[in-house]
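The residues making up each chain are set out below.
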Amino acid sequence: MDKSCQANHETHRMKVDFFRHALTSSDATAISQVLDTPFLTSGNLGKSVEVQLASFFGTEEALLVNSWTNGCVATLLALDIGPGDEVIVPAMTFIATANCAEIIGATPVFCDVSPQTLLLEATAIAELVSPKTRAVIPVHLYGRMCDIPELRATLDAMGRPDISIIEDAAHCFEGMRDNARPGCHSDAAIFSFYATKNVTCGEGGAIVTNNRNLAERLRATRLHGMSASAIDRFKTGQYRHWDMERLGIKANLPDILAALLPSQIREIQQKLPVREAIAQRYITAFAGSGLRIPGGVSTCLDARHLFCLHVPPEQRDTALNKLSAAGVGCTVNYRAVPGTRYYSRRYPSAADACPVSRRWGAGTLSIPFFPGMNDNEIDFVIDAVLEHVAPLCAKRHDPPLGTPL
Ligand SMILES: *Cc1c(COP(=O)(O)O)cnc(C)c1O
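Values in this document were obtained by computation on a predicted structure and should not be read as measured data. (Residues numbered from 1 in each chain as written. Predicted model: local features only at pLDDT ≥ 70, side-chain atom pairs only at ≥ 80, totals over all residues. Heavy atoms only, no water.)

Student: Would you explain the pattern of salt bridges in this entry?
Tutor: Any two side chains of opposite charge can pair if their charged atoms end up close together. Under the counting rule described, the total for this entry stands at 21 salt bridges. Salt-bridge contacts for D156 lead to R152; the nearest nitrogen and oxygen are separated by 3.2 Å. With D156 and R152 both in helix α7 (residues 148-157) and four residues apart, the pair spans about one turn of that helix. By relative accessible area, which is 35% here, D156 ends up partly exposed. Among the residues examined, R152 registers a relative accessible area of 16% and is labelled buried. A salt bridge links R281 to D379; the nearest nitrogen and oxygen atoms lie 2.8 Å apart. Highlighted residues: R281 in helix α11 (residues 261-286) and D379 in helix α15 (residues 375-393), separated in sequence by 98 residues. Among the residues examined, R281 registers a relative accessible area of 29% and is labelled partly exposed. According to the relative accessible area criterion, D379 is partly exposed, its value standing at 35%. Each of E60, E61, R212, E216 and R219 takes part in one network of salt bridges that share partners. (Salt bridge = Lys/Arg side-chain N within 4 Å of Asp/Glu carboxyl O. Helix = DSSP H or I, 4+ residues; strand = E, 2+ residues; numbered from the N terminus. Buried < 20%, exposed > 50% of the residue type's maximum accessible area, 1.4 Å probe, protein only.)

Structure follows, in structure tokens:
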């Protein structure tokens, strides 16, 4: 048979989804072991995963939660942040980061990101600090970490050691900056185990912290505010009364889902070189094409969660349509949060105050990027981007990221 003909035929039918998870039916064994115990919700298995997480991150405590979002709401409640308080968040992030402040009645204050790295920087945050500021939520966007020690030092030097730093580490489970993992230098770092994240159990998350006092309050706020969890209430065989001291939400992770985590946490470091190799193939292939890619941070070990490109904003829909038609899954991570309908109604001047986020958010698109991609799939994505997207950027003269849109 003519091999080139076969290859052509294959290429023609090929399709690469935006994401493919790596869980298999063998993971069902871990779930069925939970079904063999009397405890389906948060029990001993979850506690063992918390020990594993604290050891991975080198933190005093780790708490499983049922999503990043609920973990962050629980953390803000545990810190007694609420109406009248301000929480500084980046404008370039997923909406959940800002929503948490909004949900508890605090005011999200949008900070623009660096045009080089798309990360929050201490100097920009410092300009937005007011007497009402209670917390900052820096986002380790796409897997590169913000400089947390510098932010802490800047806030302390302003006489504001009281401002909490809560890291949004939804993109950065396995990343580091100056050899420190999320949670080392902040009040807390929060992870997401949502379906497409580097570590996933469908829906879930975790909070790590070195503050035992905060962890103690979080154990209550992630469980309605109750003073003792179900497993602890029944531990001795004798009923133990509980009380409610502070308002909480329902944010605990059931053992049925936690069962999917231990093997992934054990293997996550081995997957990072695979992610890095795919990223490097993309970077090499797209060099000189007019596509813009966020700059690296030399002191970071990049967790490589997403691979995002930037095209001239007026060409983005064409690029998305052409890639989809070619069989390449693509999406947008993210449009700038203050430009969404809800936030632009509520905080009308916020979008204009964050031109870098606006410009990046108007022109970015994400292409398939996951460790299970095979060589054919990687080449297929590269060819499709070079054929359909690069020409849209060939003679681009849209202004640099910092200019107003
Ligand atoms: C996914 C994500 C979240 C929300 O995570 P959930 O677990 O779905 O609540 C928050 N922040 C960022 C940056 C994310 O990518």
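The structure having been displayed, the exposition proceeds.
Student: Please clarify how the environment of G43 should be interpreted in this entry.
Tutor: Structurally, G43 is set in the loop between α2 (28-35) and α3 (44-57). Here G43 falls in the buried class, since its relative accessible area comes to 4%. Once residues lying within four places of it in the same chain are set aside, the contact partners of G43 are I231 and D255. (Contact = heavy atoms within 4.5 Å.)

Student: Could you clarify how one ought to interpret the sheet that holds strand β4 (residues 133-136) in this entry?
Tutor: Within a beta sheet, neighbouring strands are joined by backbone hydrogen bonds and run either parallel or antiparallel to one another. Taken in spatial order, the seven strands line up as β1-β8-β7-β5-β4-β2-β3 in an open sheet, and their pairing is mixed. At either end of the open sheet lies a strand with only one pairing partner, and these are β1 (61-65) and β3 (107-111). Between one strand and the next, the sheet's axes are offset by a mean angle of 25 degrees, whatever the strand orientation. Here three bridges tie strand β5 (residues 164-168) to strand β7 (residues 188-192), and the two strands are oriented parallel to one another. Residue pairing for β7: D168 is matched across the bridge by I190. (Pairing = 2+ DSSP bridges. Axes fitted to C-alpha atoms, helices over the stretch in contact; angles between N-to-C directions.)

Student: Help me understand the site of the ligand in this model?
Tutor: Inspection of the region around the ligand gives 16 residues, with T69, D168, H171, S192 and K197 positioned closest. H171 places a side-chain nitrogen or oxygen 2.7 Å from an oxygen atom of the ligand. Within the side chain of K197, an N or O atom sits 3.3 Å from an oxygen atom of the ligand. Contributions of two or more residues to the shell around the ligand are made by α4 (68-78) and α5 (95-103). (Near = heavy atom within 4 Å. Polar contact = N/O pair within 3.5 Å; in protein donor to acceptor, adjacent residues only side chain to side chain.)

Student: Got a minute to help me understand a nonpolar patch on the surface in this structure?
Tutor: A cluster of nonpolar side chains, contributed by F234, Y239, W242, M244 and L247, occupies part of the molecular surface with about 570 Å² of accessible area. Mapped onto the elements, W242 comes out in the loop between α9 (230-233) and α10 (255-258). (Patch = residues over 30% accessible without salt bridge, like charges linked within 9 Å, V, L, I, M, F, W, Y side chains within 5 Å. Areas by Shrake-Rupley, 256 points an atom, 1.4 Å probe, with all protein chains shown as cover.)

Student: Can you help me understand the side chain of R396 in this one?
Tutor: With respect to the helices, strands and loops of the structure, R396 is situated in the segment after α15. Within polar-contact distance, the side chain of R396 engages the side chain of D398 at 2.8 Å. Discounting chain neighbours no more than four positions away, the residues touching R396 are G290, L291, R292, H310, V311 and P312.

Student: Quick question: what am I supposed to make of the environment of L392 here?
Tutor: Structurally, the position occupied by L392 is in helix α15. Along the backbone, L392 and Q315 are 77 residues apart, and their C-alpha atoms lie at a distance of 6.5 Å. Beyond its immediate stretch of four places on either side in the chain, L392 contacts P312, Q315, T318 and A319.

Student: Please clarify how the packing of aromatic side chains should be interpreted in this entry.
Tutor: The geometry of an aromatic ring pair comes down to the distance between the two centres and the angle between the two planes. For the structure shown, the criterion picks out 17 aromatic pairs. Pairing F94 with Y334 gives two aromatic rings, centres 5.7 Å apart and planes at 40 degrees, and the pair type is tilted. Of this pair, F94 sits in the loop between β2 (86-90) and α5 while Y334 sits in the loop between α12 (316-325) and α13 (341-346); the two residues are 240 residues apart in sequence, bridging distant segments of the chain. On the basis of relative accessible area, F94 is assigned to the partly exposed category, the value being 42%. The exposure class assigned to Y334 is buried, which follows from its relative accessible area of 10%. (Phe/Tyr/Trp six-rings, centres within 6.5 Å; stacked < 30°, edge-to-face > 60°.)

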